[in-house]
Amino acid sequence: MINVPECSVVVITYNDAARLPRAVRSVLRQSLRNIEVIIADDASTDETEQVARQLQRKDARVRYLRGEVNSGGCGTPRNRGVAAARAPYVMFLDSDDELTRHACKSMLLEIERTGADFVTGQIARLYEKSGKTARYYPALFARRRTVEGITEEPEMFLDSFSTNKLYRAELLRRLPFPEDMHYEDHVFSTALYCAARRFAVVPWVVYLWHRASAESDARLSISLSLTDMSNVRSRIRAARLSDDILRDNGLGGLVHERQRRFLRQDLRVYLNPLPARDLAWVEEFVSVIRPYLSELDPVVFETIDPLIRVCCSFILADRPDELLVAAASLNGPKAPPRAALREEGRTYWGTVPDEMREITSLRMAELPYSASRLRHEAVVTGEGTVLRLVIRTYDPFGVLAATPGWTAFLRAGRHRIRLAPRERDDGGLLSEATIDLAALSPGRLGCDGRHEPVVEIVNPDGRITSDQLLVDSSSPPFVVVVPWHEVTVGAEGIAAFLRLRWRRRGALRQLARVGRVGLRLLRRMDGPEVKLRVYKGLISVLPPRRDLALFESDVGAGYTGNPRYIYEELRRRGTPLRVVWSAAGTAHGFPPDARLVRRMSWRHIWTMARAGYWVDSHGMPLAYPKPPRTRYLQTWHGQGIKSVGFDAPDLRADFDGPRATWRAAVERWDALVSPSAEFERVFVPSNGYRGRLLRHGSPRCDVLVHGDREAARRARERLEIPHWSRVLLYAPTYRDRAKGSGESVRADLSAMAEALAGDWTVVLRTHPVERFEVPEQLRHFVREAGSYPEVNDLILLSDALLTDYSSLMCDYAITGRPMLFLIDDWDEYRRVERGVYHDLPAIAPGPCLTTTEELIEALRDLDGVTVSFAARYIAFRRMWCAEEKGHASAKVVDAFFDLPSVQVPAQAPRAPGGRERRPPGGLGHLPGVRRPIQLPRWSG
């Protein structure tokens with residue numbers, strides 16, 4: 001090598017001949033080409049030397065260093081590699097891991113741009129068994145920044161790896177790695193943070209940390225060899241040395257922060273698998289870890305996870321048996337305690353009000369019934385094909401005592417067994433159950449699968465709360481042989497819960513293989529190209545039926561939106577039109593008598609070809625031309641400020657295929673429901689629509705104009721919202737570049753719960769393409785309603801709306817109730833993300849907020865906010881709601897369908913289903929607003 005490399009990557013290895021080439025290739029394939037690889041072999045005894053020399057012969061950028069005697073750790077080979085490095089910058093790589101392709105180049109540019117002493121980037125765990133990845137503490141790397149020393153961000157102690165960083169070589173030569181210990185990374189990183197005057201953080205993944213499963217043939221890394229007690233002792237030694245380094249460098253004030261890192265991360269890696277350990281191992285673990293925990297200032301425990309703090313309390317009290325019980329709550333089902341004490345508004349694990357065991361912030365005692373927590377511990381035995389379960393149930397928060405008349409069941413798959421719990425002296429309940437596995441029906445061709453039995457407690461109203469069964473992980477699994485199957489019964493996961501694994505056997509297994517081959521052949525015959533050809537043939541020879549209509553809402557997602565209310569108007573009139581609904585999922589939410597076809601099934605294809613009417617709110621399958629004499633009513637699913645049609649991100653690029661497909665799809669429409677003049681101004685040209693417009697408002701909004709007390713009552717009851725609580729409907733829209741990520745939920749729900757839980761309940765309605773799970777500790781305050789079948793029920797239930805850019809704002813304006821807008825990413829959304837047609841801060845009928853703190857203050861002064869935005873609200877309603885007069889469903893039916901004249905009894909407008917309507921709660925109807933604010937009423 002003639003040129004001086006820009007970056008040296010030191011790859012340390014020991015007896016890892018199989019994985020070393022993968023690691024080295026990840027360096028040689030870097031987008032930064034002027035690079036060198038230094039393989040630092042710690043005296044391997046396998047074929048590592050031969051593999052390394054072969055890699056060296058193939059690429060001149062590879063250098064090989066071999067130690068004569070194994071050092072027993074990682075410090076010596078790393079120091080040897082640094083000493084040999086020729087580049088001004090150095091990275092480290094373990095031979096069982098990989099660098100991402102742009103890691104070296106991106107971090108080198110960052111260190112030169114910022115002048116930092118080192119740059120650190122995101123690590124992603126790569127689980128080899130599943131192929132899935134998970135980012136390590138992603139919040140640490142959420143934003144790109146330069147940090148002026150560790151005192152500015154002591155939470156960075158959580159980033160104690162040496163492998164996800166690019167260093168200045170001269171700094172490393174002043175900070176050698178310890179060479180006589182394991183977990184030298186922790187000690188080195190502490191010294192590094194003390195020495196660095198400035199470091200940079202980048203949010204992208206630079207390092208893939210391969211996690212081999214414990215049962216694999218691959219040699220586990222030191223960090224995964226958790227059953228060896230010397231591993232625990234090494235980690236404690238590293239912790240003590242790190243504390244001393246901080247004190248010696250005049251940073252004793254940061255010792256508490258680094259010790260919190262030990263509790264959050266180092267201790268947690270041993271607590272997680274603790275339920276799988278036997279009591280003797282746990283007793284020894286407690287004796288090893290307790291002295292170090294005893295040295296910690298009590299203040300260190302105050303801000304850590306409550307369940308880790310509970311575990312620490314049992315370690316300090318030398319109670320390994322109680323520690324085992326608590327550790328089972330850290331993962332998996334996250335079971336509650338056996339007993340809990342509530343005193344003066346605080347909740348404690350156990351029966352004593354010990355501050356170390358306070359779990360109030362978990363809010364387990366405040367959950368609605370369907371989310372409430374019980375603990376079920378089971379002993380399982382088998383005889384022949386019969387399982388016998390003895391179940392001990394604990395009710396730490398008094399859920400059962402507060403719900404007289406409940407019944408209990410054991411559910412195993414589709415099998416449900418009535419239980420007869422009886423009280424025990426310790427306050428728990430004891431039940432017995434038997435399951436004959438031979439009597440369970442696994443289907444015609446059997447199954448290869450699994451399920452976890454649960455105990456269901458049903459209250460008199462029919463609500464169900466259920467929890468999995470915890471079992472003793474030290475009990476070995478056993479196999480039950482039933483006809484055509486074998487079933488493995490045993491503990492699963494580090495939390496040790498009961499799981500039944502089914503596996504076909506004998507001729508049924510062979511038959512299943514044949515069936516899978518046949519299924520693949522059927523799928524080829526059932527493919528989209530075949531269906532489209534058949535469909536085109538059908539519409540060329542068969543006339544459509546004028547008495548048949550195909551309805552679809554949101555691409556078959558459910559029974560909602562404009563199509564629902566048009567359908568209900570048709571039913572109210574008793575028309576002879578036969579309506580079939582396209583459903584992509586289950587029949588949940590549809591009326592019991594509704595005719596359904598599975599979307600894109602052969603029945604659906606046939607119905608599309610034969611229906612005289614198509615009615616939907618998004619788009620019938622795009623590639624399918626409309627039959628020549630079929631009439632297509634496009635009702636669309638909303639209006640608002642977001643870009644749509646050819647202006648939206650998926651179509652604004654100049655690619656002929658998608659744009660031509662959408663243009664042809666729009667040309668199928670015979671009529672379009674137009675809710676407002678502003679909708680026409682924006683939507684019609686952006687989609688290139690040239691057909692008929694039905695200017696009668698939105699059928700889905702009729703119920704919002706007239707109101708429906710029953711809908712609000714139904715939603716409150718189903719979501720288990722207390723009668724005294726005000727309701728905030730939180731409906732954020734998705735981000736096009738982060739669909740399914742959960743990023744649309746930008747409000748700090750924890751902070752909101754802390755400030756507002758006594759007065760408000762948040763109903764979270766995420767977009768259907770979003771994925772967000774409400775943490776258990778927030779379920780006392782937040783009700784997840786993404787799958788609630790009808791959004792109008794939620795609108796009518798709510799007292800105010802929180803949104804960002806969702807089109808729901810336009811429908812909500814009909815109610816006159818307050819709206820708030822959390823738009824912390826406004827500049828990015830309008831310029832880079834979706835794009836908009838309106839300046840939301842200029843037209844919003846409520847405050848545009850950028851922080852959760854501002855949101856909380858606005859909700860606390862909601863009456864004042866409402867009054868201050870009254871004029872804006874009136875203008876907003878004029879823009880979007882002028883046509884919403886409560887009769888859109890009837891007028892759209894009259895305008896679009898060629899129906900025989902039917903005498904409809906004259907009656908006052910009624911809500912869907914015949915329920916009484918009420919006026920919407922406008923601004924003047926809000927509690928606390930003394931002077932009613934008059935909003936315009938539109939005639940007609």
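Residues numbered from 1 in each chain as written. Predicted model: local features only at pLDDT ≥ 70, side-chain atom pairs only at ≥ 80, totals over all residues. Heavy atoms only, no water.

## Observations concerning helix 17 (residues 656–667)
Phase 1 of the analysis: Taking 1.5 Å per residue, twelve residues should reach 16 Å; helix 17 reaches 16 Å between its end C-alpha atoms and fits that length.
Phase 2 of the analysis: By the burial criterion, the buried members of helix 17 are R659, W662, A665 and V666. Looking down the long axis of helix 17, one finds its buried residues gathered within 125° of arc, a one-sided arrangement. (Helix = DSSP H or I, 4+ residues; strand = E, 2+ residues; numbered from the N terminus. Expected span 1.5 Å × (residues − 1). Buried < 20%, exposed > 50% of the residue type's maximum accessible area, 1.4 Å probe, protein only. Arc of directions from axis to C-beta.)

## Describing the packing of aromatic side chains
Phase 1 of the analysis: Within the structure shown, the criterion is met by 37 aromatic pairs.
Phase 2 of the analysis: Residues W662 and W669 carry aromatic rings whose centres are separated by 6.1 Å and whose planes lie at 80° to one another, so their mutual orientation is edge-to-face. Assigned by exposure class, W662 and W669 land together as buried.
Phase 3 of the analysis: In this structure an aromatic cluster arises from ring pairing among F92, F118, F157, Y167, F177, F188, Y193 and F199.
Phase 4 of the analysis: The ring of W602 has K531 lying over it, and the distance from NZ or CZ to the ring centre is 5.7 Å.
Phase 5 of the analysis: The residue whose ring lies beneath R631 is F896, and the NZ or CZ to ring-centre distance is 4.5 Å. (Phe/Tyr/Trp six-rings, centres within 6.5 Å; stacked < 30°, edge-to-face > 60°. Lys NZ or Arg CZ within 6 Å of the ring centre and 35° of its normal.)

## Brief notes about the side chain of T114
Phase 1 of the analysis: Looking at the secondary structure, you find T114 in helix 4 (residues 103–114).
Phase 2 of the analysis: Under the relative-accessibility criterion, T114 is labelled buried at 12%.
Phase 3 of the analysis: In this structure the side chain of T114 is engaged in a polar contact, spanning 3.3 Å, whose partner is the backbone nitrogen of A116.
Phase 4 of the analysis: Apart from residues lying up to four places away in sequence, T114 is in contact with T146, R198 and A200. (Polar contact = N/O pair within 3.5 Å; in protein donor to acceptor, adjacent residues only side chain to side chain. Contact = heavy atoms within 4.5 Å.)

## Overview of the environment of Y632
Phase 1 of the analysis: Take Y632: it is sitting in strand 29 (residues 631–634).
Phase 2 of the analysis: Note on Y632: relative accessible area 0%, which makes it buried.
Phase 3 of the analysis: When neighbours within four sequence positions are excluded, Y632 is seen to be in contact with W614, D616, G619, M620, K626, R668, W669, D670, A671 and F896.

## Examining the pairing of strand 26 (residues 578–583)
Phase 1 of the analysis: Burial of strand 26 is extensive: five of the six residues sit out of reach of the surface.
Phase 2 of the analysis: Both strand 25 (residues 545–552) and strand 26 contribute to a ladder of four bridges, which runs parallel. When the sheet's bridge partners are listed, L550 is paired in strand 26 with V580.
Phase 3 of the analysis: Taken together, strand 25, helix 14 (residues 561–573) and strand 26 constitute a β-α-β crossover, and its handedness is right-handed. (Pairing = 2+ DSSP bridges. Right-handed = clockwise from strand over helix to strand, strands pointing away.)

## A word on the pairing of strand 32 (residues 726–731)
Phase 1 of the analysis: Counting buried positions along strand 32 yields five of six residues, so the element is predominantly enclosed.
Phase 2 of the analysis: In terms of strand pairing, strand 32 meets strand 33 (residues 760–764) through five bridges, oriented parallel. From the neighbouring strand, V727 faces strand 33, where its bridge partner is T761.
Phase 3 of the analysis: One crossover worth recording links strand 32 to the parallel strand 33 by way of helix 21 (residues 749–756), and it is right-handed.
Phase 4 of the analysis: Note: strand 32 against strand 35 (residues 800–803), four bridges, orientation parallel. Across the sheet, Y730 pairs through a bridge with L802, a residue of strand 35.

## As for the nonpolar core
Phase 1 of the analysis: Among the nonpolar cores identified, the biggest contains 114 residues, and L263, L267, L271, F285, L410 and L437 are the most heavily contacted of them.
Phase 2 of the analysis: Broken down by element, the residue count for this core peaks at eight residues, all from helix 9 (residues 279–295).
Phase 3 of the analysis: Not counting chain neighbours up to four residues away, the residues in contact with L267 comprise F262, F285, I289, I308, C312 and I315.
Phase 4 of the analysis: Counting 42 residues, the second-largest nonpolar core is a separate cluster that includes A785, Y788, M809 and A813. (Core = buried A, V, L, I, M, F, W, Y, C linked by side-chain atoms within 4.5 Å.)

## With respect to the sheet that holds strand 32
Phase 1 of the analysis: What the six strands build is an open sheet, ordered 34-33-32-35-36-37; its pairing is parallel. Among the strands making up the open sheet, the edge pair consists of strand 34 (782–784) and strand 37 (848–849).

## Quick look at the sheet that holds strand 26
Phase 1 of the analysis: Strand order in the open sheet formed by seven strands is 27-26-25-28-29-30-31, and the pairing between neighbours is parallel. Sheet topology places strand 27 (595–598) and strand 31 (692–694) at the edges, where each strand pairs with a single neighbour. Averaged over all adjacent pairs, the angle separating strand axes in this sheet is 25°, with direction ignored.
Phase 2 of the analysis: Across two bridges, the pairing between strand 29 and strand 30 (residues 671–673) is parallel. Paired with Q634 across the strands is L672, a residue of strand 30.
Phase 3 of the analysis: On top of the sheet, helix 15 (residues 602–610) reaches strand 25, strand 26, strand 27 and strand 28 (611–616); it is set at about 130° to strand 25, its chief contact. (Axes fitted to C-alpha atoms, helices over the stretch in contact; angles between N-to-C directions.)

## Here we look at unusual backbone geometry
Phase 1 of the analysis: Positive phi outside glycine occurs at K334, with the angle close to 50°.
Phase 2 of the analysis: Examined against the element boundaries, K334 turns out to sit in the loop between helix 11 (320–327) and strand 11 (340–343).
Phase 3 of the analysis: For K334, a relative accessible area of 43% gives the class partly exposed.
Phase 4 of the analysis: One non-glycine residue with positive phi stands out, namely E344, at about 55°.
Phase 5 of the analysis: The topology assignment puts E344 in the loop between strand 11 and strand 12 (346–349).

## Focus on the confidence of the model for the chain
Phase 1 of the analysis: Mean pLDDT over the chain stands at 90; residues scoring 70 or higher make up 91%.
Phase 2 of the analysis: When the criterion is pLDDT under 50, residues 216–220 qualifies, and its contacts beyond four places in sequence or with other chains add up to ten contacts.
Phase 3 of the analysis: Here residues 903–940 is a poorly scored stretch, pLDDT under 50, and it has 75 contacts once near neighbours within four places are set aside; other chains count. (pLDDT = per-residue confidence, 0-100.)

## Details of the pattern of salt bridges
Phase 1 of the analysis: Inspection of the entire model under this criterion finds 72 salt bridges.
Phase 2 of the analysis: Among the salt bridges present, the one from E377 reaches R375, with a minimum N-O distance of 2.8 Å. The pair E377 / R375 is uniform in exposure class, with both members buried.
Phase 3 of the analysis: A salt bridge links R735 to D825, with the shortest nitrogen-to-oxygen separation between them at 2.9 Å. Highlighted residues: R735 in the loop between strand 32 and helix 21 and D825 in the loop between strand 36 (819–822) and helix 24 (826–831), separated in sequence by 90 residues. (Salt bridge = Lys/Arg side-chain N within 4 Å of Asp/Glu carboxyl O.)

## As for the side chain of D804
Phase 1 of the analysis: Residue position: D804 is located in the loop between strand 35 and helix 23 (808–812).
Phase 2 of the analysis: Within the structure, the side chain of D804 is placed 3.0 Å from the backbone nitrogen of T733, a separation counted as a polar contact.
Phase 3 of the analysis: A distance of 3.1 Å separates polar atoms of two side chains, one belonging to D804 and the other to R735.
Phase 4 of the analysis: With residues up to four places along the chain from it excluded, the contact list for D804 reads A731, P732, T733, R735, S744, M809, F821, L822, I823 and L840.

## Brief notes about the environment of S686
Phase 1 of the analysis: Along the chain, S686 turns up in helix 18 (residues 677–687).
Phase 2 of the analysis: Classification of S686 by relative accessible area gives buried; the value is 6%.
Phase 3 of the analysis: Look past the residues within four positions of S686 in its chain and what remains in contact with it is V644, G645, F646, D647 and Y837.
Phase 4 of the analysis: Looking at S686, its side chain comes within polar contact range of the main-chain oxygen of V682, at 2.9 Å.
Phase 5 of the analysis: Within the local environment of S686, its side chain forms a polar contact with the backbone oxygen of F683, the two atoms lying 3.1 Å apart.

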